[in-house]
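Given next are the chains, with one letter for each unit.
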Amino acid sequence: MKCVIIGSGNVAEALARALAAAGVPAVQVWARNEERGREVARLGESRWCGTAEGLAEAELYLISVSD
């Protein structure tokens, strides 16, 4: 399953780590904050994107942003 995580906070990091540990890493982490987004992507064994145009197509989008 292709999954994208939107966000770069604590919940996004936990999701990225859990998916990678389960052998199904997210294909992408999308975050406005480049430094934090790249770190979450690295921890989750995926890649970072910061633009809407670069958002990967996926079957599941996990939105974990602050309200």
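What you are looking at is a predicted structure, and each value in this text was computed from that prediction instead of being measured. (Residues numbered from 1 in each chain as written. Predicted model: local features only at pLDDT ≥ 70, side-chain atom pairs only at ≥ 80, totals over all residues. Heavy atoms only, no water.)

### Concerning helix α2 (residues 34–43)
Here α2 has its buried residues at Gly37, Val40 and Ala41. One face of α2 carries all of its buried residues, which in axial projection span an arc of 100 degrees. Among the exposed residues of α2, those oriented more than 90 degrees off its buried face are Glu35 and Arg42. On its buried side, α2 packs onto α1 (10–21), β2 (28–30) and β3 (47–49). The opening residue of α2 is Asn33, an N-cap whose side-chain oxygen sits 3.2 Å from the backbone nitrogen of Glu35. Two residues or fewer past α2, Glu45 is found with a positive phi of approximately 60 degrees. (Buried < 20%, exposed > 50% of the residue type's maximum accessible area, 1.4 Å probe, protein only. Helix = DSSP H or I, 4+ residues; strand = E, 2+ residues; numbered from the N terminus. Arc of directions from axis to C-beta. Contact = heavy atoms within 4.5 Å. Polar contact = N/O pair within 3.5 Å; in protein donor to acceptor, adjacent residues only side chain to side chain.)

### Focus on unusual backbone geometry
The phi dihedral of Glu45 falls on the positive side, at around 60 degrees, and the residue is not glycine. Within the secondary structure layout, Glu45 lies in the loop between α2 and β3.

### Overview of the environment of Ala21
Within the secondary structure layout, Ala21 lies in helix α1. A relative accessible area of 72% places Ala21 in the exposed class. Between the C-alpha atom of Ala21 and that of Cys3, which follows or precedes it by 18 residues, the distance is 14 Å.

### Brief notes about the pattern of salt bridges
Charged atoms that come close allow side chains of opposite charge to pair. Under the definition given, this model contains four salt bridges. Two residues, Arg38 and Glu34, come together in a salt bridge whose shortest N-O distance is 2.9 Å. Taken together, the residues Arg38 and Glu34, both in helix α2 and four residues apart, mark about one turn of the helix. Overall, the relative accessible area of 40% leaves Glu34 in the partly exposed class. Its salt-bridge partner being Glu39, residue Arg42 comes within 2.7 Å of it at the nearest N-O pair. Pair noted here: Arg42 and Glu39 are both in helix α2, with a separation of three residues, about one helical turn. Looking at Arg42, the relative accessible area reads 53%, which means it is exposed. Overall, Glu39 belongs to the partly exposed group, its relative accessible area being 30%. Taken together, the salt bridges that share partners define one network made up of Glu13, Arg17 and Arg36. (Salt bridge = Lys/Arg side-chain N within 4 Å of Asp/Glu carboxyl O.)

Coordinates in, geometry out; function isn't part of it.
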